[in-house]
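# Notes for the structure review
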Amino acid sequence: MKAEHMNSMNLREKPFYLTDDQVHWVEDTLASLTPEQKVGQLFCVMGQDYGTDELKTLVEDYNIGGILFRPAPADDIRAWYEPLDAAARIPLLKAANLEEGGTGALSDGTFFGWPMAVAATDDLSVMEKFAKVCALEGESVGINWTFSPVCDLDLNYRNPITNVRTCGSDLERVKSFCSQYVRTLQELGMAACAKHYPGDGVDFRDQHLHPTYNSLSAKEWYESYGALYQQLIEDGLMSVMVGHIVQPNVAMDINPDLRFEDCLPGSLSRELLTGVLREKFGFNGVITTDATIMSGFTQAMPRRKAIPTAIMAGCDMLVFTTGFYEDYQYMLDALKSGFLTEERLDEALMRTLALKAKVAGCFDNSPVLPEAKQWQAECADKCVTLVKNNQDVLPLTPECFPLIRLVTLGKDEITEGCMAAPGDARYAIESSMTAIAEELLQAAGFQTERFDIEQEELHGTRDLPKNRLTLYLANCEHASNQTAVRLFWAKKHALDVPRHVEEEPYIFVSFSNPYHLQDVPRVKTYINAYSCHRPMIEAVIDKLLGKSTFKGTSPVDAFCGLPDARL
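Residues numbered from 1 in each chain as written. Predicted model: local features only at pLDDT ≥ 70, side-chain atom pairs only at ≥ 80, totals over all residues. Heavy atoms only, no water.

### Points about the environment of Leu396
Filter applied, for reference: For the purposes of this entry, the term helix denotes a DSSP run of H or I that reaches at least four residues, the term strand denotes a run of E that reaches at least two, and both are numbered from the N terminus. Accessible area is worked out with a 1.4 Å probe on protein chains only. A residue is then buried under 20% of its type maximum, exposed over 50%, and partly exposed in between. Note on contacts: a residue pair is in contact if any heavy atoms of the two residues lie within 4.5 Å.
Relative to the helices and strands, Leu396 is located in the loop between strand S11 (385-389) and strand S12 (403-410). Judged by its relative accessible area of 3%, Leu396 is buried. For the pair Leu396 and Asp542, spaced 146 residues apart in sequence, the C-alpha to C-alpha distance is 9.9 Å. Other than its neighbours up to four places away in sequence, Leu396 contacts Phe401, Ile404, Phe446, Leu469, Ile507, Leu544 and Leu545.

### Digging into the nonpolar core
For clarity, the threshold we go by: In this text, buried Ala, Val, Leu, Ile, Met, Phe, Trp, Tyr and Cys residues form a nonpolar core when linked through side-chain atoms within 4.5 Å.
Ranked by size, the top nonpolar core spans 172 residues in total, and within it Ile67, Tyr197, Leu396, Leu471 and Phe511 carry the most contacts. It is helix H16 (residues 342-359) that provides the largest number of residues to this core, a total of nine residues. Counting residues in hydrophobic clusters, the runner-up holds 19 residues, among them Val407, Val501, Tyr526 and Ala565.

### Structural notes on the pairing of strand S16 (residues 468-475)
What counts, and what does not: At least two DSSP bridges between two strands are required for those strands to pair.
Taken across its eight residues, S16 has eight buried, putting it largely inside the fold. Side chains of S16 alternate between two faces, with Arg468, Thr470, Tyr472 and Ala474 and Leu469, Leu471, Leu473 and Asn475 buried alike. For S12 and S16, the ladder comprises eight bridges, and the chain directions are parallel. When the bridges of S16 are listed, Leu403 appears paired with Arg468. Across five bridges, the pairing between S16 and strand S17 (residues 506-510) is parallel. Counterpart to Thr470 in the pairing with S17 is Tyr506.

### Topic: helix H14 (residues 303-313)
When you tally the buried positions in H14, you get eight out of 11 residues, the bulk of the element. Residues Arg303, Ala306, Ile307, Pro308, Thr309, Ala310, Ile311 and Ala313 constitute the buried set of H14. At its buried positions, H14 is contacted by helix H12 (270-280), strand S9 (286-291), helix H13 (295-298), strand S10 (317-319), helix H15 (324-337) and H16. Gly314 lies just past H14 and shows a positive phi near 140°.

### With respect to the sheet that holds strand S1 (residues 43-46)
This is how the line gets drawn: Interaxial angles span 0 to 180 degrees and are taken between N-to-C directions of axes, which are lines fitted to C-alpha atoms, for helices over the stretch in contact.
Overall, parallel pairing links the eight strands, which are arranged S1-S2-S3-S4-S5-S7-S9-S10 in a closed barrel. Of the strand pairs in this sheet, S1 and strand S2 (residues 66-68) are connected by three bridges, and their pairing is parallel. By the bridge assignment, Cys44 is partnered in S2 with Gly66. Packing of helix H8 (residues 171-187) onto the sheet brings it into contact with strand S4 (145-146) and strand S5 (191-197), and relative to S5 it is tilted by some 150°. Docked against the sheet, H16 engages strand S3 (93-96), S4, S5, S9 and S10, running at close to 85° with respect to S3.

### Topic: the environment of Val240
With respect to the helices, strands and loops of the structure, Val240 is situated in strand S7 (residues 239-242). Judged by its relative accessible area of 0%, Val240 falls in the buried class. Spatially, the C-alpha atom of Val240 lies 13 Å from that of Val276, the residues being 36 residues apart in sequence. With near-sequence residues (within four places) excluded, Val240 lies in contact with Cys193, Ala194, Tyr197, Tyr229, Leu277, Phe283, Val286, Ile287 and Thr288.

### Remarks on the confidence of the model for the protein
As a reminder, the rule being used: Here pLDDT means the predictor's own confidence in every residue, given as a number from 0 to 100.
The predicted model of the protein averages 94 in pLDDT, with 95% of residues at 70 or higher. Across residues 1-7, where pLDDT falls below 50, the model places 15 contacts with residues more than four positions away in sequence or in other chains.

### A word on the sheet that holds S16
The mixed open sheet is built from six strands, whose spatial order is S11-S18-S17-S16-S12-S15. Every interior strand has two partners, whereas the edge strands, S11 and strand S15 (447-450), have only one. Each adjacent strand pair in this sheet contributes to an overall mean axis angle of 20°, direction not counted.

### Details of the pairing of S3
Just so we agree on the cut-off: Here is how to tell: hold the view so the strands point away, follow the path from the first strand over the helix to the second, and if it runs clockwise the crossover is right-handed.
Alternating positions in S3 separate into two faces, Leu93 and Ala95 on one and Lys94 and Ala96 on the other, with burial throughout. This β-α-β element, S2 to helix H5 (residues 74-87) to S3, shows right-handed connectivity. Where S3 and S4 come together, two bridges link them in parallel fashion. The residue bridging Ala95 from the neighbouring strand is Trp145, located in S4.

### Some remarks on empty space enclosed by the protein
The condition is simple: Cavities and pockets are found on a 1 Å grid laid over the protein atoms alone: a cavity is a set of points where a 1.4 Å probe fits but cannot escape, a pocket is an open set with protein on both sides within 12 Å along at least five of seven lines, and a lining residue has an atom within 4 Å of such a point. Grid points are joined across faces, edges and corners, and a volume is the space filled by probe spheres set on the points. Under this grouping Gly is polar, as are all residues other than the nonpolar Ala, Val, Leu, Ile, Met, Phe, Trp, Tyr, Cys and Pro and the charged Asp, Glu, Lys and Arg.
Counted under the stated rule, the structure contains one cavity of 30 Å³ or more. If you add up the space inside the largest cavity, you get close to 60 Å³. Within the residue set of the lining of the largest cavity, elements represented by two or more residues are helix H7 (124-139) and H8. Partitioned by chemical class, the residues of the lining of the largest cavity number nine nonpolar, one polar and one charged.

### Topic: the packing of helix H18 (residues 433-443) against helix H19 (residues 534-544)
The test is simple: If an angle is under 35 degrees, it is roughly parallel; if it is over 145, roughly antiparallel; if it lies from 65 to 115, roughly perpendicular; otherwise it is oblique. A clockwise turn of the near helix away from the far one marks a right-handed crossing, whereas an anticlockwise turn of less than a right angle marks a left-handed crossing.
Interhelical geometry of H18 versus H19 gives an angle of 40° and a closest axis separation of 10 Å. By the criterion of interaxial angle, the relationship of H18 to H19 is oblique. As for the relative orientation of H18 and H19, their crossing is right-handed in sense. Across the interface between the two elements, Met433, Ile436, Ala437, Glu439, Leu440 and Leu441 from H18 touch Arg534, Ile537, Glu538 and Ile541 from H19. Taken together, the residues that form the contact of H18 with H19 break down as seven nonpolar, no polar and three charged.

### Structural notes on the layout of surface pockets
A volume near 1100 Å³ is recorded for the largest pocket. As for the largest pocket, its lining consists of 46 residues, of which Pro71, Glu99, Glu100, Trp114 and His478 are closest to the centre. The set of elements that each furnish at least two residues to the lining of the largest pocket consists of S5, S9 and strand S13 (413-417). At four residues, the largest contribution of residues to the lining of the largest pocket is made by S13.

Following this line, the structure appears as C-alpha cells:
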C-alpha cells in the first residue's frame, strides 16, 4: 500500500494512536507479507475446532490472524497459547467473549453478571468495576481482544438472543453504560469490539438461524443505533463486530438504487460498512464479521462469493470458518480473479496490524483483582428489581409463612467461581439454585418443601394451606439457536402454573430473563435478578426477608407492553 494512502487512515490518531515506531512496524510488516500470508491474517479461528498440531500449522504456515478459545481453565488457555505465540510470525489477536465477566474467557473466572444486571444498578461505577474484571481476568491469560460490549437495544421482548446480554432498551442508558465499558476496558490495554452492528433487538428472531432484520426507518435508526455507534466511535472504540442483520432502510438511504430484496446482512453490505461506518461515521478501527458459520451469513449468498464479499464490503477480518482451507482458497481465488482487490486487502491488513501493534503481547499474566467477588456482590445488591408488588406479603417472616414451597423452572444447576490471586487455588463448583435458596431460607427459620409434579394432582382451593407461600425460582437462559425464551409448563394439567393467585400467595423471581410476566401476568409479586449465581440468590433472599431494600431499576419494560401484567 502506498504511504500516502496509509497516512490517510490516521493510524497515529483515533482509535489506534500509534507511535512512529508502531506505524513503521505496521508498514514494514505489511510490506514483508506475501499475498498468501496477507490472506491468512484475515481469519480468526475457533481454537477448539483444531488439534494442537494443526492449530500450530495454521499459525506457522497459513499465518492466521487471530484465535478464540471457548472458556476453559486459565492454566489450559495459557498452555494452549504458549506454543502458538512462539510459532506466530506476527502477534496473534487472542479473542474472547467477555460479556458477563471473566467467565467469558475462563471457566474459573468471575461470573460478574450479565450486562442488564449491571445496567439495572443505574450506577456507572459498577460498570467500571465490571469492565475491570473482564479486562484483567482476560489479560491474565493473554486475551487482548474482546467481542464486547453487546450494545444492542433490547426493543423486542420476544427476541431470544439479546435479552440480558444487553444494557436494556433505553438509548441513553445503553449509550452511557456501553461507553463506560469501552473506555475502562481500553484504558486497561484490551481492545473492545462492539456488537452486533447494525443492531440486534428489533427482530424477534435469531441471526444464528437465518438473516434477521433491523426494520427501523432510516431516521429512527440514525437516532438510536446510529447515535450509539457514533458515541462509541467518539470514545475511541477500536473495533466493531457486524451481525448478519439486514437494515434495508439505511442501506437504501445510502444507495437509492438498491431494492429491498437485494439488501444484504450487515456483514456483507457495502452500504452499511463502507457507506455508513467508514464514510458517514468516520470509523477508522477494525471491522470484523460475526461468526461466518452462522446461517445468517451462510444463507445470504454462495460461500465462494460471500467470503471475499465480506472483505470487499468493508470487513477487515472473518470470525470462524465452516472449513478453513476451503475459505482460505476462496479468498486466494478471489484475489487472483481480481474480485478481491490488493488495495482492499492491504487496507484490511493495515487496520488489523494497527490493532495488533496497539494490544498484542502487552500483558500476559496481568494481576487479577482481589475485589472481584466483592464487586460481584455489590452489583447483585444494587440490581435486584422489584418489578411488581400487588400483595402485602413482604418482608417474609416465619411467623406469617412458616412454610415456603419452592418451584424450580429452567436450569437449576449453576456454576460458582471466582478467580483467586495468581498462584492460589481456583475453583468452579457446580451448585443448585434451589438448594442455595433452600439453605438460606432454612437458616432464617423457614420450613421448605420442593414442588414435585409427580405428587401434585388437580385440587380445589378450600383446603389450601394458610401458612404457605410459593416461591418460584426461574432460570431460563438465553442461548444461540433457540427460537424463544418462554416458560414451558408441565404436561400434567400445567399443575406447576401459579394457578390460584387470588387465593394463595406466590412470589416469582426470574434470574435470567426479564420478560416472564408475559407468561405469569397475574402473579402479584414479581422480581427480576438478571443473572444466576450465589451472590445474586443471596441478594434476592435478603430482600425478600427485609434485610436489604430493593434498589434495582428495570432497564426494560418488564410488563412487555401488556396491561394485564400490571394487575
